[in-house]
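# Topology and contacts: notes
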Amino acid sequence: ELMEGSRHQLQLSIEQKERPLAVLQRRLAIRQQRPQREAVRDAVETALEAELAQLTATMQSMHAKRDQCDRELKRMVAARQKLQDDLADKEQALRLDKTCLELTADMPATKAAMLPAMTQSPRNSAAATGPLGVKTPPRMPLSPRTVGHLRAGLPVSSFRPAQRHARLAR
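None of these values were measured; they are calculated from a predicted model.

Turning to the overall build of the protein chain, a few remarks are in order. If you tally the helices and strands in the protein chain, you get five helices and zero strands. Ordering the α and β elements of the protein chain from the N terminus gives α-α-α-α-α. The buried share of the protein chain, taken over its 170 residues, is 17%. Contacts spanning at least 24 positions in sequence make up 55% of the contacts within the protein chain whose residues lie at least 6 apart. Accessible surface, the protein chain as shown: approximately 13,400 Å² in total, 56% of it carbon and sulfur.

The structure is reproduced here in C-alpha cells:
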C-alpha cells in the first residue's frame, strides 16, 4: 500500500510537470519564429533553455523512479502470491497431519504396535532387520513427553518422525 501510494504521488507529480513543460516548449518555439533582426540570444532565452533542461531532467528522473516503483510492486505482488500459496499448502498439510494423527490415535492396536518401535534408541537398532530380512534404517528416539502422550492416548501436535529425523540429522 505504501509503495502504491508512492507510485501514485510520482504519477501526480509527473502530470503536474507536463503543463509547465508544454508552456515552456511553446514559448521557446515562439521565440524561434521571430524575425531575423529580433532573433538575438538574450538572458530570457538562456533562462528558458536552462529551465527546459532542468524540467526535462526532473521529468526523466520521475519517470525512472515510477518505472522502478512499478518493477518493485510487481516483485512484491509475486512474493506475496508465493507466500500465500505456501501458507495454503502448509495449512492443508497441517489439516492432513491432524486428520492422520486423529485416525492413528483412535486405533489402539496400531498405537501399541508403533510405540515400541518409535521409542527404540538408534544405537540399539542400528543393525535391525525387518520382517523380510531386510536391514532397516535406525529410527530416531521420541522424546519422553511424546512417548507419554502416545501411551496416554493424548494428541501429539508435532508428531512427524520423518521430519524430526531430517531435522536432527542436520
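That was the structure; now back to the text.
What follows covers the pattern of salt bridges. Oppositely charged side chains can pair when the atoms bearing their charge come close. Under the defined criterion, the tally for this structure stands at eight salt bridges. Two residues, R41 and E45, come together in a salt bridge whose shortest N-O distance is 3.9 Å. When salt bridges that share partners are traced, they join R34, R41, E45 and E49 into one network.

Here we take up the confidence of the model for the protein chain. Across the protein chain, the average pLDDT comes to 78, with 66% of residues at 70 or higher. Per-element averaging of pLDDT across the protein chain places helix 5 (residues 161-169) at the bottom with 52 and helix 2 (residues 43-105) at the top with 92. Within the model, the stretch residues 121-127 combines pLDDT values under 50 with nine contacts to residues more than four positions away or in other chains.

Let us look at helix 1 (residues 2-32). The first and last C-alpha atoms of helix 1 sit 45 Å apart over 31 residues, in line with the 45 Å expected at 1.5 Å per residue. Inspection of helix 1 places L10, Q11, I14, L21, L24, L28 and R31 among the buried residues, and these make up the whole buried set. Here the buried face of helix 1 lies against helix 2.

This paragraph deals with the nonpolar core. With nine residues, the main nonpolar core is built from L10, I14, L21, L24, L28, L48, L55, M59 and M62. If you list the elements that add at least two residues to this core, you get helix 1 and helix 2. Looking at which element gives the most residues to this core, the answer is helix 1, with five residues. Excluding residues that lie within four positions of it along the chain, L10 makes contacts with M62, K65 and R66.

Turning our eyes to something else, we now look at the environment of M59. Counting through the fold element by element, M59 comes out in helix 2. On the accessibility criterion, M59 (8% relative accessible area) is buried. In this structure, the C-alpha to C-alpha distance between M59 and S13, residues 46 residues apart in sequence, is 8.9 Å. Non-local contacts of M59, meaning those with residues more than four positions away in its chain, are made with I14, K17, E18 and L21.

Our next topic: helix 2. Over its 63 residues, helix 2 extends 91 Å from the first C-alpha to the last, a length consistent with the 93 Å expected when each residue adds 1.5 Å. Here helix 2 has its buried residues at E45, L48, L55, M59, M62, R66, C69, L73 and L101. Buried-residue contacts for helix 2 involve helix 1.

With respect to the helices and strands, the residue H8 is situated in helix 1. Sequence separation between H8 and C69 is 61 residues, and the spatial gap between their C-alpha atoms is 9.8 Å.

Now for the side chain of E45. Within the fold, E45 resides in helix 2. Residue E45 is classed as buried on the basis of its relative accessible area, which comes to 12%. A polar contact is formed between the side chain of E45 and the side chain of R34, at a distance of 3.4 Å. Each residue touching E45, except ones within four places of it in the same chain, is listed here: L28, R31, R34 and V40.

Conventions used here
- Residues numbered from 1 in each chain as written.
- Predicted model: local features only at pLDDT ≥ 70, side-chain atom pairs only at ≥ 80, totals over all residues.
- Heavy atoms only, no water.
- Helix = DSSP H or I, 4+ residues; strand = E, 2+ residues; numbered from the N terminus.
- Buried < 20%, exposed > 50% of the residue type's maximum accessible area, 1.4 Å probe, protein only.
- Contact = heavy atoms within 4.5 Å.
- Areas by Shrake-Rupley, 256 points an atom, 1.4 Å probe, with all protein chains shown as cover.
- Salt bridge = Lys/Arg side-chain N within 4 Å of Asp/Glu carboxyl O.
- pLDDT = per-residue confidence, 0-100.
- Expected span 1.5 Å × (residues − 1).
- Core = buried A, V, L, I, M, F, W, Y, C linked by side-chain atoms within 4.5 Å.
- Polar contact = N/O pair within 3.5 Å; in protein donor to acceptor, adjacent residues only side chain to side chain.

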